[in-house]
Amino acid sequence: MIRKHLIDALSAALARSGVEPLPATIEIGRPARAEHGDWSSNVALVCAKVAGRNPRDLAQELAERIAADPPVHLRRVEVAGPGFVNFHLDGGWLHDVLRQVIAEGTDGYARADFGAGTAVNVEFVSANPTGPLHVGGGRWAAYGDTLCNILARCGFAPHREYYLNDRGRQMDAFAESLVARNGGGEPPEDGYHGDYITEWAAEMPAGADALEWGYARARRDVAGSVARLGVRFDTWSSERALVRSGAVEETLRTLEASGAAYRADGAVWLRSADGGDDKDRVLVRSDGEPTYLLPDIAYHADKLARGFDLLIDVWGADHHGYVERLTAGVCALGHRREQLEVVLGQLVTVMRGGEEAKISKRAGNLVLLDDLVDIVGADAARMTFLLQSLGSRQTIDLDVVAAQSMENPVFYVQYAHARICSLMATAAERGVDRPPVDDVALELLSDPRELEVLRSLHALGDVLAEAARERAPHKLTTWARQLAGAFHGFYHDCPVLRSDLDPPLAAARLWLTEAARIGLVIALDLLGVSAPERMESLAADSGEAAE
């Protein structure tokens with residue numbers, strides 16, 4: 001609500017200053033530095049040219065008009081730099097934030113509807129069904145699932161999909177490798193040589209079709225691995241099934257009929273250069289076999305035909321050069337470029353004892369997702385994957401992630417929630433009453449530590465909107481760590497249950513603690529990480545805030 005009050009005040013001041021037309025939107029945000037106020041707007045800079053005014057002079061006039069008729073909670077308004085209007089507020093607006101958090105709770109707070117029900121197909125992981133999932137696939141699994149959670153919170157209708165590239169030479173080589181190991185021999189040179197092939201071959205029943213059995217075994221292994229991270233897919237799509245349906249042939253006919261594909265040198269080519277690619281690409285080779293591109297175009301057309309408004313693909317960075325040709329093919333079928341987004345994820349390096357870890361016994365030099373989860377647990381693995389932007393290369397230090405210490409970012413956030421639960425349990429044991437929030441003197445919350453918690457809570461809605469629009473779940477992880485840090489600071493500096501504390505202040509701090517709990521639960525739930533009520537390391541300081 002405070003944002004609306006300030007925007008309304010700016011709009012009224014612009015109108016009184018004769019600025020027309022008024023801007024369609026007025027941007028207002030939180031300054032990076034506290035001395036610049038609680039909120040700031042660049043509206044004078046935006047409107048100065050249209051108004052024929054010097055930006056700083058216009059900003060000064062706006063500030064004076066707003067000061068003459070101040071909105072609620074305004075303490076002072078000032079001009080900074082070339083024409084920024086900065087607002088300094090009293091603490092009352094943050095007390096309103098606390099009331100809102102409590103009133104809306106975990107289900108309603110920081111929930112938005114700007115997605116307007118848009119049906120979004122998010123395809124992620126999609127590793128070839130030829131072996132166990134490595135840690136890179138785990139990173140994409142955590143990313144894709146969390147992105148879907150955030151999109152749903154913002155009013156979208158996300159659908160989780162896994163695409164199985166279950167045809168082609170890699171599948172034949174996989175089956176041949178199983179047969180070879182089953183018979184005590186060596187896989188072909190272009191086959192699969194990890195120990196898991198020997199393990200699976202020993203499981204394969206006599207007389208089984210190695211291709212079909214191996215395909216089912218690999219899919220089951222991948223599904224089990226991602227399920228350990230709390231990830232489940234709504235749809236597992238098969239390239240083989242797509243081909244059998246005739247969709248690939250129909251796509252080729254459509255492309256040729258529209259002139260988007262042509263025949264030359266015995267092959268069929270896509271006019272991808274017309275769509276932004278650096279050259280035309282082969283759809284069907286001279287031997288009559290389609291390249292990967294043609295089924296991929298058909299697959300994306302199939303997703304759009306299923307009623308999805310937007311497609312988001314999560315791929316490895318090695319597919320960077322493939323994006324434009326696929327986009328060109330989808331657009332050639334009459335779809336809009338903005339209906340397809342591709343997010344590229346970088347690789348993961350796992351370290352232990354200062355050296356790159358080699359912890360897999362089943363896949364040679366690959367570090368498997370299951371290995372990581374076995375060592376650090378599902379919560380730590382999942383949240384660690386979400387600490388950084390997917391577009392940045394990630395290094396996971398097992399010694400840090402497995403440690404039960406404040407240096408472990410996963411432990412740091414979960415510990416804040418467990419501390420809250422411990423504090424609440426102590427209050428209940430002592431019979432400490434928490435009156436209804438409307439009867440509590442929240443204005444007593446004036447300590448910088450208390451206000452920092454409330455500022456963090458207020459930011460959650462903006463953070464989720466940014467994370468959804470920018471496809472950046474790591475922004476939520478960063479926010480969760482900031483809220484946890486704010487609460488840890490409050491916990492140490494602001495006693496809640498100390499016997500000499502005035503009851504009205506104790507009640508206000510109890511409600512602040514509950515609001516922090518709500519924020520942490522929302523974030524951890526969206527991140528797919530548990531919110532534990534007890535942690536072993538908590539016993540040592542369980543009474544700190546109570547004494």
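No experiment lies behind these values; they were computed from the predicted model shown.

**Observations concerning the packing of helix H1 (residues 2-16) against helix H3 (residues 55-68)**
Line of reasoning, step 1. Put simply, H1 and H3 touch, their axes get as near as 9 Å, and they point 115° apart. Note that H1 runs across H3; the crossing there is right-handed. Mapping the contact onto sequence places Ala-9, Leu-10, Ala-13, Leu-14 and Arg-16 in H1 and Leu-62, Arg-65 and Ile-66 in H3.
Line of reasoning, step 2. For the contact of H1 with H3, the class distribution of residues is six nonpolar, no polar and two charged.

**Description of the sheet that holds strand E14 (residues 394-397)**
Strand pairing in a sheet relies on backbone hydrogen bonds. The paired strands run either parallel or antiparallel.
Line of reasoning, step 1. A sheet is described by the order of its strands in space; here three strands give the open sequence E13-E12-E14, paired in mixed fashion. The open sheet is flanked by strand E13 (355-356) and E14, the only strands paired with a single partner.
Line of reasoning, step 2. Pairing analysis gives four bridges linking strand E12 (residues 348-352) to E14, with the strands arranged parallel. Across the sheet, the residue bridging to Val-350 is Ile-396, located in E14.

**Considerations on the packing of helix H4 (residues 92-108) against helix H19 (residues 503-527)**
Line of reasoning, step 1. The geometry of H4 relative to H19 is characterised by a closest axis approach of 9 Å and an angle of 50° between their N-to-C directions. When the axes of H4 and H19 are compared, the pair comes out oblique. Seen along the crossing, H4 lies across H19 with a hand that is left-handed. Of the residues in H19, those in contact with Leu-98, Val-101, Ile-102, Gly-105 and Thr-106 of H4 are Trp-511, Leu-512, Glu-514, Ala-515, Ile-518, Val-521 and Ile-522.

**Observations regarding the sheet that holds strand E5 (residues 157-164)**
Line of reasoning, step 1. The parallel open sheet is built from five strands, whose spatial order is E6-E5-E4-E10-E11. Whereas interior strands pair on both sides, the edge strands pair on one side only; in this sheet they are strand E6 (235-238) and strand E11 (340-345). If you compare each strand with its neighbour and ignore which way they point, the axes differ by 25° on average.
Line of reasoning, step 2. When strand E10 (residues 310-316) meets E11, the two strands line up parallel, connected through six bridges. Of the residues in E11, the one forming a bridge with Asp-313 is Val-342.
Line of reasoning, step 3. On the sheet, helix H5 (residues 135-153) packs against strand E4 (119-123), E5, E10 and E11 and is oriented at approximately 160° with respect to E10.
Line of reasoning, step 4. Lying over the sheet, helix H8 (residues 210-228) contacts E5 and E6, oriented at roughly 150° with respect to E6.

**Comments concerning the side chain of Glu-161**
Line of reasoning, step 1. Along the chain, Glu-161 falls in strand E5.
Line of reasoning, step 2. At 2.7 Å, the side chain of Glu-161 forms a polar contact with the side chain of Ser-237.
Line of reasoning, step 3. For Glu-161, the side chain forms a polar contact with the side chain of Arg-306, separated by 2.8 Å.
Line of reasoning, step 4. Contact partners of Glu-161, with chain neighbours within four places excluded, come to Asn-121, Val-122, Glu-123, Phe-124, Phe-233, Thr-235, Ser-237, Tyr-299, Lys-303 and Arg-306.

**What to know about the environment of Tyr-196**
Line of reasoning, step 1. Its place among the elements puts Tyr-196 in helix H7 (residues 195-203).
Line of reasoning, step 2. Assessed through its relative accessible area of 7%, Tyr-196 is described here as buried.
Line of reasoning, step 3. Distance from Tyr-196 to Ala-273, taken between C-alpha atoms, is 42 Å for residues 77 residues apart in sequence.

**Considering the pairing of strand E3 (residues 84-89)**
Line of reasoning, step 1. For E3, a buried count of five out of six residues is recorded, marking the element as mostly surrounded by other parts of the structure.
Line of reasoning, step 2. Bridging between strand E1 (residues 39-41) and E3 involves three bridges; their strand directions are antiparallel. Residue pairing in the sheet places Ser-41 in a bridge with Val-85 of E3.
Line of reasoning, step 3. In this structure, strand E2 (residues 74-80) lies alongside E3, joined through six bridges in antiparallel fashion. Looking across to E3, one finds that Glu-78 is bridged to Asn-86.
Line of reasoning, step 4. Adjacent in sequence and paired antiparallel, E2 and E3 are bridged by three residues, among which Gly-81 carries a positive phi angle near 60°.

**Some points on the packing of aromatic side chains**
The geometry of an aromatic ring pair is captured by two quantities: the separation of the ring centres and the angle between the planes.
Line of reasoning, step 1. For the coordinates displayed, the defined rule picks out 14 aromatic pairs.
Line of reasoning, step 2. Centroid distance Tyr-162 to Trp-236: 4.5 Å. Interplanar angle 25°. Geometry classified as stacked. Taken as a pair, Tyr-162 in strand E5 and Trp-236 in strand E6 lie far apart in primary sequence, 74 residues in all.
Line of reasoning, step 3. Judged by its relative accessible area of 1%, Tyr-162 is buried.
Line of reasoning, step 4. Ring geometry for Trp-315 and Tyr-322: centres 5.9 Å apart, planes at 55°, overall tilted.
Line of reasoning, step 5. An aromatic cluster is present here, built from Phe-124, Tyr-162, Phe-233 and Trp-236 joined pairwise through their rings.
Line of reasoning, step 6. Directly above the ring of Phe-114 sits Arg-469, whose terminal nitrogen or CZ lies 3.9 Å from the centroid.

**As for the side chain of Asn-86**
Line of reasoning, step 1. One can find Asn-86 in strand E3.
Line of reasoning, step 2. Assessed through its relative accessible area of 3%, Asn-86 is described here as buried.
Line of reasoning, step 3. Among the polar contacts listed, one links the side chain of Asn-86 to the backbone oxygen of His-36, at a separation of 3.3 Å.
Line of reasoning, step 4. Side chain to side chain, Asn-86 and Ser-40 meet in a polar contact 2.6 Å long.

Rules behind the numbers
Residues numbered from 1 in each chain as written. Predicted model: local features only at pLDDT ≥ 70, side-chain atom pairs only at ≥ 80, totals over all residues. Heavy atoms only, no water. Axes fitted to C-alpha atoms, helices over the stretch in contact; angles between N-to-C directions. Helix = DSSP H or I, 4+ residues; strand = E, 2+ residues; numbered from the N terminus. Left-handed = near helix turned anticlockwise from the far one by under 90°. Contact = heavy atoms within 4.5 Å. Nonpolar A, V, L, I, M, F, W, Y, C, P; charged D, E, K, R; others polar. Pairing = 2+ DSSP bridges. Parallel < 35°, antiparallel > 145°, perpendicular 65-115°, else oblique. Polar contact = N/O pair within 3.5 Å; in protein donor to acceptor, adjacent residues only side chain to side chain. Buried < 20%, exposed > 50% of the residue type's maximum accessible area, 1.4 Å probe, protein only. Phe/Tyr/Trp six-rings, centres within 6.5 Å; stacked < 30°, edge-to-face > 60°. Lys NZ or Arg CZ within 6 Å of the ring centre and 35° of its normal.

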